[in-house]
Amino acid sequence: MTGAPVSKSTTAITLSARSGWKLETVNPVRSFKARGTELVTSQLAEQGRNAVVCASAGNLGQALAWSGSRRGLDVTVVASGRAPVAKLDRIRALGAELELVDGDFELARERAVRIAHERGIRLPEDSLDIETCEGAATIGLELAGKESPFDAVLIALGGGAMATGVGYVLKTLVPGAEVICVQPLGAPALTRSWRERRVITTESTDTIADGVAGRFPIPEVLDDLLAVADDAVLVRESSIITGMQLLLEHTGLVVEPSAALGIAAILEDRDRFDGRHVVTVICGGNVDLDAYHRWVRR
């Protein structure tokens with residue numbers, strides 16, 4: 001899971017089970033999101049609540065549908081009609097009521113807020129609600145508990161739950177490890193906000209990494225990120241695709257673009273990571289296969 005040094009050579013970047021990645025795709029929802037939704041839905045069940053709603057780019061909705069159905073909750077997921085069909089189909093298959101909006105995630109979030117108010121039900125907001133961050137933080141606990149050393153961890157940056165959750169744990173338990181967040185150039189809002197220490201929004205996004213394509217950073221999340229992140233970098237689409245290709249070729253893993261952001265960061269700055277013990281979190285594997293084949297066969 002951790003430990004092997006990174007080589008400058010693209011073909012020699014080691015991607016094996018011992019060489020620096022934390023796999024979060026081999027589970028019922030194929031992403032890390034259920035770590036947080038298990039906390040949310042267990043609390044709701046204990047409180048005798050029977051329904052929950054969320055806005056999702058795809059993975060959170062799947063996780064909430066899976067966790068909620070196990071506890072008898074009625075789950076509503078609001079998503080963009082532009083989200084990958086594979087993610088939307090999985091949300092439906094896992095038993096959630098799916099409502100689509102004609103717009104991006106930010107419009108889906110606005111609709112979810114209205115539904116929560118109208119129905120009087122819980123709206124867990126990814127990265128803002130503490131449970132989503134605490135769930136992601138367990139990844140940091142697992143990394144910190146490993147004997148293999150590492151001196152840097154690369155984390156995909158979307159809403160910020162994984163970066164802040166893992167970051168807080170590592171800064172406490174592995175304070176020498178550098179926490180580096182990675183976003184696409186086409187969805188830079190939270191990275192730009194971190195760099196300028198104030199919330200910066202964008203009018204649009206343009207990236208294949210749909211899972212991290214937010215435009216409006218949450219102020220409280222930015223405060224947490226400023227406390228735990230050592231750096232935030234932006235990577236090109238071509239590097240994300242190469243990262244996906246490397247993960248397929250060297251490990252047999254089919255991943256969504258967001259999961260390859262850490263590999264993309266290594267490819268774009270090999271001198272920085274040369275010889276270091278680097279971990280990257282492979283955070284999701286929910287991808288439209290037709291689109292995936294187009295990307296990796298370029």
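Let me sum up the structure you'll find in this document. (Residues numbered from 1 in each chain as written. Predicted model: local features only at pLDDT ≥ 70, side-chain atom pairs only at ≥ 80, totals over all residues. Heavy atoms only, no water.)

### Digging into the overall build of the protein chain
Reasoning step 1: Scanning the protein chain from N- to C-terminus turns up twelve helices and eight strands.
Reasoning step 2: Relative to the compact-globule value of 19 Å for 298 residues, the protein chain shows a C-alpha radius of gyration of 18 Å, a close match.
Reasoning step 3: Structurally, the protein chain occupies a C-alpha span of about 55 × 40 × 35 Å along its principal axes.
Reasoning step 4: Split into buried and exposed, the 298 residues of the protein chain put 57% on the buried side.
Reasoning step 5: Counting only contacts in the protein chain whose residues sit at least 6 apart along the sequence, the fraction spanning at least 24 positions is 72%.
Reasoning step 6: As displayed, the protein chain has an accessible area near 12300 Å², and 48% of this comes from carbon and sulfur atoms.
Reasoning step 7: The positive charge centre, built from 32 side chains, and the negative charge centre, built from 39, are 3 Å apart in the protein chain. (Helix = DSSP H or I, 4+ residues; strand = E, 2+ residues; numbered from the N terminus. Rg over C-alpha atoms; globule rule 2.2 N^0.38 Å. Buried < 20%, exposed > 50% of the residue type's maximum accessible area, 1.4 Å probe, protein only. Contact = heavy atoms within 4.5 Å. Areas by Shrake-Rupley, 256 points an atom, 1.4 Å probe, with all protein chains shown as cover. Lys, Arg positive; Asp, Glu negative; His and termini not counted. Charge placed at Lys NZ, Arg CZ, Asp CG, Glu CD.)

### Details of helix α4 (residues 105–119)
Reasoning step 1: Here α4 contains 15 residues, and its C-alpha end-to-end distance of 21 Å stays within 8% of the 21 Å for a straight helix at 1.5 Å per residue.
Reasoning step 2: Close packing links the buried residues of α4 with β2 (51–56), β3 (74–80) and β4 (97–101).
Reasoning step 3: The residue sitting at the N-terminus of α4 and contributing the capping side-chain oxygen is aspartate 104; that oxygen lies 3.1 Å from the backbone nitrogen of glutamate 106.
Reasoning step 4: Note on α4: the residue one or two positions beyond its end, glycine 120, has a positive phi of about 65 degrees. (Expected span 1.5 Å × (residues − 1). Polar contact = N/O pair within 3.5 Å; in protein donor to acceptor, adjacent residues only side chain to side chain.)

### Here we look at empty space enclosed by the protein
Reasoning step 1: Following the criterion strictly, the structure yields two cavities of 30 Å³ or more and no others.
Reasoning step 2: There is about 40 Å³ of room inside the second largest cavity.
Reasoning step 3: Lining the second largest cavity are Phe32, Lys33, Gly36, Thr37, Leu60, Asp126, Thr132, Ala136 and Ala161.
Reasoning step 4: When contributions to the lining of the second largest cavity are tallied by element, the ones reaching two or more residues are α1 (34–46) and α5 (130–144).
Reasoning step 5: A breakdown of the residues in the lining of the second largest cavity according to their chemical character gives four nonpolar, three polar and two charged. (1 Å grid on protein atoms, 1.4 Å probe; cavity = no way out; pocket = protein on both sides within 12 Å on 5 of 7 lines; lining within 4 Å. Points joined across faces, edges and corners; volume = space filled by probe spheres on them. Nonpolar A, V, L, I, M, F, W, Y, C, P; charged D, E, K, R; others polar.)

### A short note on the pattern of salt bridges
Reasoning step 1: The final tally for this structure, using the stated rule, is 23 salt bridges.
Reasoning step 2: With its nearest N and O atoms 2.7 Å apart, the salt bridge here joins glutamate 125 to arginine 109. Of the two residues, glutamate 125 is situated in the loop between α4 and α5 and arginine 109 in helix α4; the sequence distance between them amounts to 16 residues.
Reasoning step 3: Relative accessible area serves as the criterion here: at 15%, glutamate 125 is assigned to the buried category.
Reasoning step 4: On the accessibility criterion, arginine 109 (31% relative accessible area) is partly exposed.
Reasoning step 5: Between arginine 272 and aspartate 231 there is a salt bridge, with its nearest N and O atoms 2.7 Å apart. Taken as a pair, arginine 272 in helix α11 (residues 270–273) and aspartate 231 in strand β7 (residues 231–235) lie far apart in primary sequence, 41 residues in all.
Reasoning step 6: For arginine 272, a relative accessible area of 23% puts it in the partly exposed group.
Reasoning step 7: Residues joined by salt bridges that share partners form a network here, namely Asp151, Glu178, Asp231, Arg272 and Arg276. (Salt bridge = Lys/Arg side-chain N within 4 Å of Asp/Glu carboxyl O.)

### Some thoughts on the packing of helix α9 (residues 237–251) against helix α12 (residues 289–296)
Reasoning step 1: The geometry of α9 relative to α12 is characterised by a closest axis approach of 9 Å and an angle of 100 degrees between their N-to-C directions. Relative to α12, the element α9 is oriented roughly perpendicular. Mapping the contact onto sequence places Ile241, Met244, Gln245 and Leu248 in α9 and Tyr292, Trp295 and Val296 in α12. (Axes fitted to C-alpha atoms, helices over the stretch in contact; angles between N-to-C directions. Parallel < 35°, antiparallel > 145°, perpendicular 65-115°, else oblique.)

### Observations concerning the pairing of β3
Reasoning step 1: Counting buried positions along β3 yields six of seven residues, so the element is predominantly enclosed.
Reasoning step 2: Crossover connection from β2 via helix α2 (residues 59–70) to parallel β3: handedness right-handed.
Reasoning step 3: As paired elements, β3 and β4 share five bridges and run parallel to each other. Within the sheet, the bridge partner assigned to alanine 79 lies in β4 and is leucine 100. (Right-handed = clockwise from strand over helix to strand, strands pointing away. Pairing = 2+ DSSP bridges.)

### Regarding the sheet that holds β4
Reasoning step 1: One open sheet accounts for three strands, arranged β2-β3-β4; its pairing is parallel. Only two strands of the sheet have a single neighbouring strand rather than two, namely β2 and β4. Within the sheet, the average angular offset between the axes of one strand and its neighbour, ignoring direction, is 20 degrees.
Reasoning step 2: Against the sheet, α2 makes contact with β2 and β3, and its axis sits at roughly 165 degrees relative to β2, the strand it touches most.

### A closer look at a nonpolar patch on the surface
Reasoning step 1: On the surface, Leu248, Val254 and Leu289 cluster together to form a nonpolar patch covering roughly 230 Å² of accessible area.
Reasoning step 2: Position of valine 254 among the secondary structure elements: in the loop between α9 and α10 (261–268).
Reasoning step 3: Judged by its relative accessible area of 35%, valine 254 falls in the partly exposed class. (Patch = residues over 30% accessible without salt bridge, like charges linked within 9 Å, V, L, I, M, F, W, Y side chains within 5 Å.)

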